[in-house]
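# Structural characterization, general
Each chain, letter by letter, is given below.
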Amino acid sequence: MAEKNYTFIDFKKPEKEGQLPFGAVIAYTTRDVVVRETNSGKLVAKTCLALNNVSRHLNYVLGTDFSDDQEVIFVELTAWEETARQLERVPKGSQICVTGFLGIEEFKNRRGEIQRSLNLTISRFRVLRWKNQNQRPNQYQNTQPNDLDPDFVDLDDDDLPF
């Protein structure tokens, strides 16, 4: 039997209706980042992540009906302003950790059918593994681990109870 590949994903189910789930995901980018400027002059960056074997968690958090045997679910990433500038440097195939708000967008396709798309609006991100380690920009420093989580505590091995 083949071993399944899982994506780390953790989103908190909203306490109030109308709120978006906030959480984190670690996954690989599936395409190069596209950055553009809106009519109002704001930068926006878009790319996509492939999430493996996360349908049960998404169904719980979002109330969706993804099939339990749907192995890969794609989520569109959106970043704004300075985060968009930083995300632009991340090549397709890089592993990133992202925190942000997860939502569902509905739209009509060319045939008039209603389609759904998952969208994660990035609050912060960090590149964990660059597609090509030699391409890593020296000046690129997006976030430190404690920026991803305000409750993050950096511990030495001596501080651990085991």
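Conventions used here
- Residues numbered from 1 in each chain as written.
- Predicted model: local features only at pLDDT ≥ 70, side-chain atom pairs only at ≥ 80, totals over all residues.
- Heavy atoms only, no water.
- Helix = DSSP H or I, 4+ residues; strand = E, 2+ residues; numbered from the N terminus.
- Buried < 20%, exposed > 50% of the residue type's maximum accessible area, 1.4 Å probe, protein only.
- Polar contact = N/O pair within 3.5 Å; in protein donor to acceptor, adjacent residues only side chain to side chain.
- Contact = heavy atoms within 4.5 Å.
- Patch = residues over 30% accessible without salt bridge, like charges linked within 9 Å, V, L, I, M, F, W, Y side chains within 5 Å.
- Areas by Shrake-Rupley, 256 points an atom, 1.4 Å probe, with all protein chains shown as cover.
- Salt bridge = Lys/Arg side-chain N within 4 Å of Asp/Glu carboxyl O.
- Pairing = 2+ DSSP bridges.

## Section: the side chain of T7
Here T7 lies in the segment before β1 (8-12). Exposure remark for T7: the relative accessible area of 10% places this residue in the buried category. At 2.6 Å, the side chain of T7 forms a polar contact with the backbone nitrogen of N52. For T7, the residues in contact, after removing those within four places along its chain, are V25, I26, A27, A50, L51, N52 and V54.

## Quick look at a nonpolar patch on the surface
Together, L20, F22 and F101 make up a nonpolar patch on the protein surface, roughly 280 Å² of accessible area in all. For F101, the position within the fold is in strand β6 (residues 95-108). Among the residues examined, F101 registers a relative accessible area of 38% and is labelled partly exposed.

## Digging into the environment of F22
In this fold, F22 is placed in strand β2 (residues 22-29). Overall, the relative accessible area of 38% leaves F22 in the partly exposed class. When the C-alpha atoms of F22 and F101 are compared, they prove to be 4.5 Å apart, with 79 residues separating the residues in sequence. Those residues within four positions of F22 in sequence are excluded, and the remaining contacts are D10, F11, K12, T99, G100, F101 and S123.

## Thoughts on helix α1 (residues 55-62)
Buried within α1 we find S55, L58, N59 and V61. Each element contacted by the buried residues of α1 is listed here: β1, β5 (72-80), β6 and β7 (114-129). Phi turns positive, to about 70 degrees, at G63, one or two residues after α1.

## Describing the pairing of β6
Direction of pairing for β2 relative to β6: antiparallel, over a ladder of seven bridges. Bridging from a neighbouring strand, G23 pairs with G100 of β6. Judged from the 14 bridges that link them, β6 and β7 form a sheet pairing that is antiparallel. Looking across to β7, one finds that G100 is bridged to I122. Linkage of β6 to β7, two consecutive antiparallel strands, is achieved through a turn of five residues, within which G112 is found at a positive phi near 85 degrees.

## Digging into unusual backbone geometry
With phi around 55 degrees, N53 is a residue other than glycine that occupies positive phi space. Here N53 shows up in the loop between β4 (43-52) and α1. The backbone of E81 shows a phi angle near 50 degrees, a positive value even though the residue is not glycine. Looking at the secondary structure, you find E81 in helix α2 (residues 81-87).

## Section: the pattern of salt bridges
Considering all chains together, one arrives at five salt bridges under this definition. We note a salt bridge from D65 to R116, for which the minimum N-O separation is 2.9 Å. With D65 in the loop between α1 and β5 and R116 in strand β7, the pair connects residues that are 51 residues apart, well separated along the chain. Take D65: its relative accessible area is 59%, and that puts it in the exposed class. When the shortest N-O distance is used, the salt bridge between E113 and R111 registers 3.3 Å. Residue classification places E113 among the partly exposed positions, given a relative accessible area of 38%.

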